[in-house]
Amino acid sequence: MFCFQCEQTAGCSGCTGAQGVCGKKEDTALLQDELTGALIGLARDFYGRDHGASADRVIIEGLFTTITNVNFDSEDIRRRIDAVRAERSRLTAAVAGEYDMNRLWRDDEDIRSLKSLILFGLRGMAAYAYHALVLGYTDGEVNNFFYKGLAVVGGTFGMDELLPVVMETGKVNLKCMELLDRANTETYGSPVPVTVPLTIEKGPFIVISGHDLRDLQLLLEQTRGKGINVYTHGEMLPAHAYPKLKEYPQLKGNFGTAWQNQQKEFKDIPAPVLFTTNCLMPVKDSYRDRVFTTEVVAYPDMVHIDEEKDFTPVIEKALELGGYAEDRVMTGINGGTQVTTGFAHGAVLGAADKVVEAVKSGAISHFFLVGGCDGAKPGRNYYTEFVKQAPKDSMILTLACGKYRFNDLDLGSIGGLPRIMDMGQCNDAYSAVRVASALAEAFGCGVNDLPLSIVLSWYEQKAVCVLLSLLSLGIKNIYIGPTLPAFLSQNVLNVLVEQFGISPISTPEEDLKKILNR
Ligand code: SF4
Ligand code: SF3
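Residues numbered from 1 in each chain as written. Chains lettered and ligands numbered in written order. Predicted model: local features only at pLDDT ≥ 70, side-chain atom pairs only at ≥ 80, totals over all residues. Heavy atoms only, no water.

## Points about the sheet that holds strand β16 (residues 503-504)
Spatial ordering of the open sheet is given by β13-β10-β9-β14-β15-β16, a layout of six strands whose pairing is parallel. Looking at the sheet topology across the chains shown, the edges are occupied by β13 (420-422) and β16. Bridge count for strand β14 (residues 452-457) against strand β15 (residues 479-481) is three bridges, and the pairing is parallel. Directly across from S457, in β15, lies its bridge partner G481. The sheet contacts of helix α14 (residues 381-389) involve β9 (366-372), β10 (394-398), β13, β14 and β15, and relative to β14 the element is tilted by about 155°. (Pairing = 2+ DSSP bridges. Helix = DSSP H or I, 4+ residues; strand = E, 2+ residues; numbered from the N terminus. Contact = heavy atoms within 4.5 Å. Axes fitted to C-alpha atoms, helices over the stretch in contact; angles between N-to-C directions.)

So, in structure tokens, the structure goes:
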């Protein structure tokens, strides 16, 4: 096997051998390559031609399946490969062959680097397109681009031809995040700031993890009046802010911290855990009888909830396990007992006058967007330290699961606004873009001229597409860590440094000094 798509890749260069660092086994990795090669074949057939909604869905699901920590189930991936082939032969006599991913992995390193940016970006974007799709929202431009992007990955192109497609991936992903924002806010209302307790009340409960709001809503419907409480985990936390979700009284709070702590936090948990997306880690024996998956998430021998969305097995498990006997006060990484969320574009722009006034009066000196994925590497303390050391008159905007490093800190407020504002999931980077553009407009300058710095943490492929979206907007001087992607070749990195001023993180002290003296 060869895989280097995520931040924890072996030796910062690539996972090979019998198993990846994430626990993905070689046979699963090879099947994921086969699935991707089959998708490229389908895309080559249909790029620029009429393709129906079912082909779109096969592509979106197939790409989503191969994101890090989503699907460990070879059987399931085999079924998906069959589905791609069936779709192809249903639509046409296959014109182009399937693609052998080894050609990509063995390609010239600059070509491989640019194609990887496109492919991994498409995988991240597919997850967002999927969440929008299940709420009934699709976009022709977004769907068409999956075909174009995949066809390009399977084609023969030089650096000059690939670079614009890399940027286009970012541009189209912005559109896709906007689509998902519309799907989420039109379905569940515009997020409002809320305080979310970390205490787990006594009695039966269910923990739901991942990004899919629709799964949460269906679960809340089915647990109505059953005496079962529901707690979010990981990227599901921002769901508390959506008016139509927060009105369910049994949606009580948030369990645990970011994904990489799950094997510790789920040990002997007296409740089932439902995974709607990444990040699922290899399941330990201490809780393997209580892990449920749905959507494209799968793990061998775990109960999978199919498209009918009958959550009865999860509900029965919650009743059987019974939860804690007494309320249990839990804390975040820094000892806080509650967190806040809901500062999406609607809420922040609703307070735009206050924000602009605070900047003009000098009460706010700087905005930092510190967010992205969390992960297990020790270097990620950087983000906690960065936020702690940021000047007291600066605001911290955050999003995605990286926020668990510091979201339980009480850093006070400025002009009635809390200094840490959680904008939501990784896809809510769209909110950050909206807020940045509105500020730029209010101050009559460009986004790069704002007192705003972006400090990203990355782990998997959604972070790749979000980064490409920010670059496609011309946003410069982004800091990225904890390490640079293994799939950036030196030449491609040079382009990103020259054109966009991308920097790897160093130490919080040094980076803050650089940023504030700029
Ligand atoms: Fe390795 Fe990451 Fe690929 Fe898993 S997803 S095999 S950890 S590079
Ligand atoms: Fe986290 Fe897996 Fe990326 Fe949506 S849940 S951000 S790592």
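## Observations concerning α14
Inspection of α14 places Y382, Y383, T384, F386 and V387 among the buried residues, and these make up the whole buried set. In the core, the buried residues of α14 are packed alongside β9, β10, β13, β14, β15 and α18 (508-517). (Buried < 20%, exposed > 50% of the residue type's maximum accessible area, 1.4 Å probe, protein only.)

## Let's talk about the pairing of β14
Within a regular strand, the side chains alternate between the two sheet faces. For β14, the buried fraction is high: six of the six residues fall into the buried class. What you see with β14 is no split at all: L452, I454 and L456 on one side and S453, V455 and S457 on the other are buried throughout. As paired strands, β9 and β14 are joined by six bridges and run parallel to one another. Residue pairing for β14: G372 is matched across the bridge by S457. The parallel pair β14 and β15 is bridged by helix α16 (residues 461-472), and the resulting crossover is right-handed. (Right-handed = clockwise from strand over helix to strand, strands pointing away.)

## Some points on the pairing of strand β6 (residues 291-294)
Both faces of β6 are covered, namely the face carrying V291 and T293 and the face carrying F292 and T294. As judged from the three bridges shared by strand β5 (residues 273-275) and β6, these two strands associate in the parallel manner. Residue pairing for β6: V273 is matched across the bridge by V291. Here three bridges tie β6 to strand β7 (residues 303-305), and the two strands are oriented parallel to one another. Pairing of T294 across the sheet is with I305, part of β7.

## Examining the UniProt feature "binding site: hybrid [4Fe-2O-2S] cluster" (unreviewed entry) in the protein chain
Per the UniProt entry, the sites bearing "binding site: hybrid [4Fe-2O-2S] cluster" (unreviewed entry) are H211, E235, C279, C373, C401, C426, E460 and K462 in this numbering. Over a stretch of 252 residues, the named residues converge on one spot in the fold, their C-alpha atoms separated by at most 13.9 Å. For E235, the location among the structural elements is in the loop between β3 (229-233) and α9 (243-246). The residues touching E235, leaving out its near neighbours within four places in the chain, are G210, H211, A400, C401, K403, G424, Q425 and C426. Topologically, C426 is positioned in the loop between β13 and α15 (429-442). Aside from chain neighbours lying at most four places away, what touches C426 is Y128, M177, H211, E235, L399, A400, K462 and V466. (UniProt positions renumbered as here; feature names shortened; annotations may be inferred.)

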